[in-house]
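# Structural overview for review
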Amino acid sequence: MQQLQMVDLKRQYHKIKSEIDTAVLNVIESTAFINGPEVNHFATELATYLGVKHVIPCANGTDALQISLMALGLKPGDEVITASYTYIATVEVVALLRLTPVFADVDADTFTMNIDSVRKAITPKTKAIIPVHLYGQAVNMEPLMALANEHNIPLIEDNAQAIGSAYTFSDGTVKRTGSMGIIGCTSFFPSKNLGGYGDGGAIFTNDDELATTLRMVANHGQNKRYYHEMVGCNSRLDSIQAAILRIKLRHLDAYCDARRAAADYYDNAFKNNPKIVVPYRAPYTHHVFHQYTLQMKGVDRDALQLKLAERNIPSMIYYPVPCHKQNMLKEYGTASLHLPVTDMLQDCVISLPIHTELTEEELSYITTNLLEIIS
Ligand SMILES: *Cc1c(COP(=O)(O)O)cnc(C)c1O
């Protein structure tokens, strides 16, 4: 088997090549590179897909989170609760704005925020909670939203890994991830479930006033050109990315289905092995498998990764060091926090190739080899 990829973007591109090439060339021909019509069309189409009123495109997912915190008017010293078990961007923006990151632990089965842990972390200084829909499935939003409402704390959903996923409430209502908090954020980094061919991001809200502020923050604090009401930043999605994302949005559900089918294959191959815990699929969410992440029990993970690599099978540890232990946050003294589930997972997780183009032959090769190595 030739070298496999964690994410195979080339084969995916080749299936939609003529459509993409035409769209990109049209933008170049139009020369409307910044804030061209493609950007507005994409924002409208994504708003419809998500069932939200406003989509504010921006330069990347990290900016989306930063702009959200700025638009909510958070001040240095305000506390923001999030999970330590996430990509660093979620937490970095909090520290960048001189806010105080406060960490909740996660559940071992879902890898997402434990609601009791969030409850314990709330103080009078808590000014926002950022649930992260990690690996492609939703945080348990209903109890989290009830808790946040009780304390009047805004929720900013980090939906960078779960676009296309959804959450089912106990009354049967289904909502897209990213559409339930006061703000939702996402990233169009190429390897994300809805990825561009470069950087990109977006912010979602149903609140008209907040939408205006979010747009201002992303545009140098101005509503009217050259009249700057507040300190903002410069964060835009470019028209070429928007044109590509419009095409890929039409395939998003099929892409999520392809990822789920690959996950089904893996699950079936691994589910009866005592050394492997396959990803749990919480009944309240539609898992779109941004990552396929196993927990290995009693297995030398470094040796496993090396042996997989020898057989051209890549694997990744998302994430080798949880956020609360990163040197970046030294001054907050979070390294000594007791987050037992986060620490446990960090030592045993391993993510396998997952993307829209995996063939049965490749899946069979990966699963057979992994099982052979740990036997
Ligand atoms: C990718 C990602 C981001 C940041 O997105 P960028 O577009 O790379 O800035 C934020 N949060 C999570 C959970 C992510 O996976």
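Residues numbered from 1 in each chain as written. Predicted model: local features only at pLDDT ≥ 70, side-chain atom pairs only at ≥ 80, totals over all residues. Heavy atoms only, no water.

## Quick word on the overall build of the protein
A count of helical and extended segments in the protein gives twelve helices and 15 strands. Here the C-alpha radius of gyration of the protein, 21 Å, is about what a compact globule of 375 residues would show, namely 21 Å. In terms of overall dimensions, the protein has a C-alpha envelope of 65 × 55 × 45 Å along the principal axes. Residues classed as buried in the protein amount to 56% of the 375 residues present. Across the protein, every contact between residues at least 6 apart in sequence was considered, and the portion connecting residues at least 24 apart equals 73%. A total accessible area of about 16,100 Å² is found for the protein, and carbon and sulfur atoms account for 51% of it. Measuring between centres, the 32 positive side-chain charges of the protein sit 2 Å from its 40 negative side-chain charges. (Helix = DSSP H or I, 4+ residues; strand = E, 2+ residues; numbered from the N terminus. Rg over C-alpha atoms; globule rule 2.2 N^0.38 Å. Buried < 20%, exposed > 50% of the residue type's maximum accessible area, 1.4 Å probe, protein only. Contact = heavy atoms within 4.5 Å. Areas by Shrake-Rupley, 256 points an atom, 1.4 Å probe, with all protein chains shown as cover. Lys, Arg positive; Asp, Glu negative; His and termini not counted. Charge placed at Lys NZ, Arg CZ, Asp CG, Glu CD.)

## Quick look at the nonpolar core
Grouped together as the largest cluster of nonpolar side chains are 36 residues, with contacts concentrated most on Tyr266, Tyr292, Leu294 and Leu370. Ranked by residue count, the leading element in this core is helix α12 (residues 360–374), at six residues. Looking at this core, you find at least three residues from each of domain 1 (9–246) and domain 2 (252–374). Apart from residues lying up to four places away in sequence, Leu370 is in contact with Phe270, Ile276, Leu294, Leu304, Leu308 and Leu352. With 25 residues, the next largest nonpolar core counts Ile56, Met70, Val80 and Cys233 among its residues. (Core = buried A, V, L, I, M, F, W, Y, C linked by side-chain atoms within 4.5 Å. Domains from an automatic or database assignment.)

## Some words on the pairing of strand β8 (residues 183–187)
A large share of β8 lies buried, amounting to five of its five residues. Burial along β8 is two-sided: Ile183, Cys185 and Ser187 facing one way and Gly184 and Thr186 facing the other are all buried. Of the pairings in the sheet, the one linking strand β5 (residues 156–158) to β8 comprises three bridges and is parallel in character. The partner of Asp158 across the bridge, within β8, is Cys185. (Pairing = 2+ DSSP bridges.)

## Focus: the sheet that holds strand β15 (residues 349–352)
Spatially, three strands are ordered β12-β14-β15 in an open sheet, and the strand pairing comes out antiparallel. Each end of this open sheet is capped by a strand with a single partner; those strands are β12 (276–277) and β15. As defined by bridge partners, strand β14 (residues 292–296) adjoins β15 across four bridges and the pair is classed as antiparallel. Looking at the pairing, Gln295 lines up with Val349 of β15. Its contacts with the sheet place helix α9 (residues 239–270) against β12, β14 and β15, and it is angled at close to 20 degrees to β14. This element, helix α10 (residues 301–310), spans β14 and β15 of the sheet and lies at about 15 degrees to β15. (Axes fitted to C-alpha atoms, helices over the stretch in contact; angles between N-to-C directions.)

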